[in-house]
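# Inside the fold
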Amino acid sequence: MSLSGSRKKGNKFINTIPTESAGLGKMLPILKEYINNKAENTPKITLGPFKTDISIYDTPPESGLRITWVGHSSLLIEVDGIRILTDPVWSQRVSFSQSFGPKRFFQPPIALADLPKIDVIISSHDHYDHLDKATIKFFADKNVPFICSLGVCTYLESWGIHKAFIHEVDWGDSVMIGNCSIIAAPARHFSGRGITHRDETLWSSFVIKGPQHNIYFGADSGYSPDFKVIGETFGPFDLTMLEIGAYGTYWPDIHMGPDNASNAHIDLKGDIMMGIHWGTFNLAPHAWYEPAERLVQFGKDKNIKLFLPEPGKPTEVLPLVTNWWKKFMS
């Protein structure tokens, strides 16, 4: 079994199944949902402090697989001898302006300048909470390879990344970094950084296959049959990293939430599951902590081993749920 490449309708990419992406027609009910919402969308207390002990990077992970969750979908993945940075966002707000828009709950636990040597950066799609102009510009003179979905290269090049360092991929395409193969796979989502030009760049998830480990970075996706296809084609996975946050009544097709994310993990034939895309920005009308609390329960109900590391703490990948964030630190 192999993956098919992406498809277009006119100049717009389309999902493998019909998908409602919460466009203009849903704006009014979404706005009402936010206005009437009483949940603790933003933490009432300051989270953390979170700080990365960068000396840990001097020693390779004992298991060959270690994750530092910077927040949201930004992860520093150490796997089988390489370091991968996914969807890096270090800015204060995920918006077209740093004057307004969703703001961080906690500061990045590691400064960009303190990152260890990065072997490749994955840019899954062009949304502000995944593709951050200021962060990308930091890497403009660092000669770090990028792997990005079709069309996203336009942004990378305009922000200073030389095209020689950009691998632009369609679903099914593979790039070798060290001894690891990084393969673009389908996701059920959409793209665009404004009202116009929606879906003119591609969105992807990624299989990361090394000599010892096989892991999956889901980026953003609603639930779909694609997970079973990816599981049959590339699974089983030692670790799945799946979005559990930013779900809402009016966009079930493009964000999963903890229930469907845990179902996707099962479809993918995953061993350990890590929840991402939560706990960092207020992007949906649910309590900021709700995705993790619900995932813990679904993990018990569905017999799934979970991995919920403290932000900024380089952590070997083992089942880890107890004391998630030590109840928000102090």
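Provided above is the structure to which this section pertains.
Just so it is clear, the structure is predicted and the values come from calculations on it, not from any experiment. Starting afresh in each chain, residues are numbered from 1 along the sequence in its written order. Two thresholds apply to this predicted model, a pLDDT of at least 70 for residue-level local features and 80 or more for giving and counting side-chain atom pairs, whereas whole-chain, interface and lining totals are computed over all residues. Side-chain measures here rest on the full set of heavy atoms in the structure, leaving out hydrogens and waters.

All right, on to unusual backbone geometry then. Here the amide bond leading from Gly-48 into Pro-49 is cis, since omega sits at 5°, within 30 degrees of zero. Among the structural elements, Pro-49 can be located in the loop between α1 (27-35) and β3 (65-71). Of note, the bond from Gly-235 into Pro-236 is cis; its omega dihedral lies within 30 degrees of zero at 0°. The way it works is that DSSP assigns letters per residue, a run of H or I at least four long becomes a helix, a run of E at least two long becomes a strand, and they are numbered from the N terminus. By the secondary structure assignment, Pro-236 is in the loop between α4 (226-234) and β13 (237-243). The backbone of His-72 sits at a positive phi, close to 55°, despite the residue not being glycine.

Turning next to the layout of surface pockets. Throughout, the protein atoms alone are placed on a 1 Å grid, and a set of points is a cavity if a 1.4 Å probe fits but cannot get out or a pocket if it is open with protein on both sides within 12 Å along at least five of seven lines; lining residues have an atom within 4 Å of a point. Grid points are joined across faces, edges and corners, and a volume is the space filled by probe spheres set on the points. Of the voids in this model, the second largest pocket is the one considered here, and its volume is about 210 Å³. Phe-13, Ile-14, Asn-15, Thr-19 and Asp-199 are, among the 15 residues lining the second largest pocket, the residues nearest its centre. Of all the elements, strand β2 (residues 12-14) adds the most residues to the lining of the second largest pocket, at 3 residues. Taken together, the residues that form the lining of the second largest pocket break down as 6 nonpolar, 5 polar and 4 charged. Side-chain classes follow a simple rule in which Ala, Val, Leu, Ile, Met, Phe, Trp, Tyr, Cys and Pro form the nonpolar group, Asp, Glu, Lys and Arg form the charged group, and the remainder, Gly included, forms the polar group.

With that out of the way, let us pick up empty space enclosed by the protein. As enumerated under the stated definition, the model contains 1 cavity of 30 Å³ or more in all. Considering only enclosed or pocket space, the largest cavity measures out at about 90 Å³ in volume. Ala-246, Gly-279, Phe-281, Leu-283 and His-286 are, among the 15 residues lining the largest cavity, the residues nearest its centre. Taken together, the residues that form the lining of the largest cavity break down as 8 nonpolar, 7 polar and no charged.

Attention now moves to helix α5 (residues 257-267). Exposure is judged per residue with a 1.4 Å probe applied to protein chains only, and the accessible area is read against the type maximum: over 50% gives exposed, under 20% gives buried, and values in between give partly exposed. For α5, the set of buried residues is Gly-257, Pro-258, Ala-261, Ser-262, Ala-264, His-265 and Asp-267. In what follows, a contact means two residues having at least one pair of non-hydrogen atoms within 4.5 Å. If you follow the buried residues of α5, they end up packed against α4, β13, β14 (270-276) and α6 (290-302).

Planes of paired rings set the category: under 30 degrees apart is stacked, over 60 is edge-to-face and the rest tilted, where pairs are Phe, Tyr or Trp rings (Trp by its six-membered ring) whose centres lie within 6.5 Å. Within this structure, the stated rule accounts for 12 aromatic pairs. A ring pair is formed by Tyr-216 and Phe-227, whose centres lie 6.5 Å apart and whose planes are at 80°; its orientation type is edge-to-face. One end of the pair, Tyr-216, is in strand β12 (residues 214-217); the other, Phe-227, is in helix α4, with 11 residues separating them in the sequence. A residue is classified by how much of its surface remains accessible, and Tyr-216, at 0% relative accessible area, is buried. Looking at Phe-227, the relative accessible area reads 2%, which means it is buried. Among the aromatic side chains, those forming a connected cluster through ring pairs are Trp-69, Phe-105, Trp-278, Trp-288, Tyr-289 and Trp-324. If you follow Lys-8 out to its NZ or CZ, it ends over the ring of Phe-13, 4.6 Å from the centre. In this scheme, Lys NZ or Arg CZ marks a charge over a ring once it lies within 6 Å of the ring centre and within 35 degrees of the ring normal.

Next up on the list: the environment of Ile-183. Residue placement: Ile-183 occurs in strand β10 (residues 180-185). Residues Ile-183 and Gly-231, 48 residues apart in the sequence, show an inter-C-alpha distance of 13 Å. Contact partners of Ile-183, with chain neighbours within four places excluded, come to Gly-172, Asp-173, Ser-174, Ser-205, Phe-206, Val-207 and Phe-234.

Here we take up the side chain of Ser-191. If you trace the backbone, Ser-191 turns up in the loop between β10 and β11 (205-209). Overall, the relative accessible area of 0% leaves Ser-191 in the buried class. Discounting chain neighbours no more than four positions away, the residues touching Ser-191 are Asp-126, His-127, Arg-198, Asp-199, Glu-200, Thr-201 and Trp-203.

Paired through their backbone hydrogen bonds, the strands of a sheet run either parallel or antiparallel. Two strands form a pair only when DSSP identifies at least two bridges running between them. One open sheet holds the 7 strands; their spatial order is β9-β10-β11-β12-β13-β14-β15, and the pairing between them is mixed. Two strands lie at the open edges of the sheet, namely β9 (174-177) and β15 (305-307), each paired on one side alone. Recorded for the sheet is a direction-independent mean angle of 20° between the axes of neighbouring strands. Structural elements are reduced to axes, namely lines fitted to C-alpha atoms, with helices fitted over the stretch in contact, and the angle between N-to-C directions of any two is expressed from 0 to 180 degrees.

At a minimum axis distance of 9 Å, the contact between α5 and α6 shows a crossing angle of 45°. The orientation of α5 relative to α6 falls into the category oblique. Relative to α6, the crossing made by α5 is right-handed. Across the interface between the two elements, Pro-258, Asp-259, Ser-262, Asn-263 and Ile-266 from α5 touch Pro-291, Arg-294, Leu-295, Phe-298 and Lys-302 from α6. Residue composition of the contact of α5 with α6, grouped by class: 5 nonpolar, 2 polar and 3 charged. Oblique is the label for any angle not covered by the other classes, which are roughly parallel (under 35 degrees), roughly antiparallel (over 145) and roughly perpendicular (65 to 115). Should the near helix be turned anticlockwise from the far one by less than a right angle, the crossing is termed left-handed; should it be turned clockwise, right-handed.

The element β10 is extensively covered by neighbouring structure, given that 6 of its 6 residues are classed as buried. By the alternation rule, side chains of β10 split into Cys-180, Ile-182 and Ala-184 and Ser-181, Ile-183 and Ala-185, which are all buried. Across 4 bridges, β9 lies against β10 in antiparallel orientation. Note on β10: the bridge partner recorded for Val-175 is Ile-182. The pairing of β10 with β11 spans 5 bridges and is antiparallel. Following the sheet pairing, Ala-184 is matched in β11 by Phe-206.

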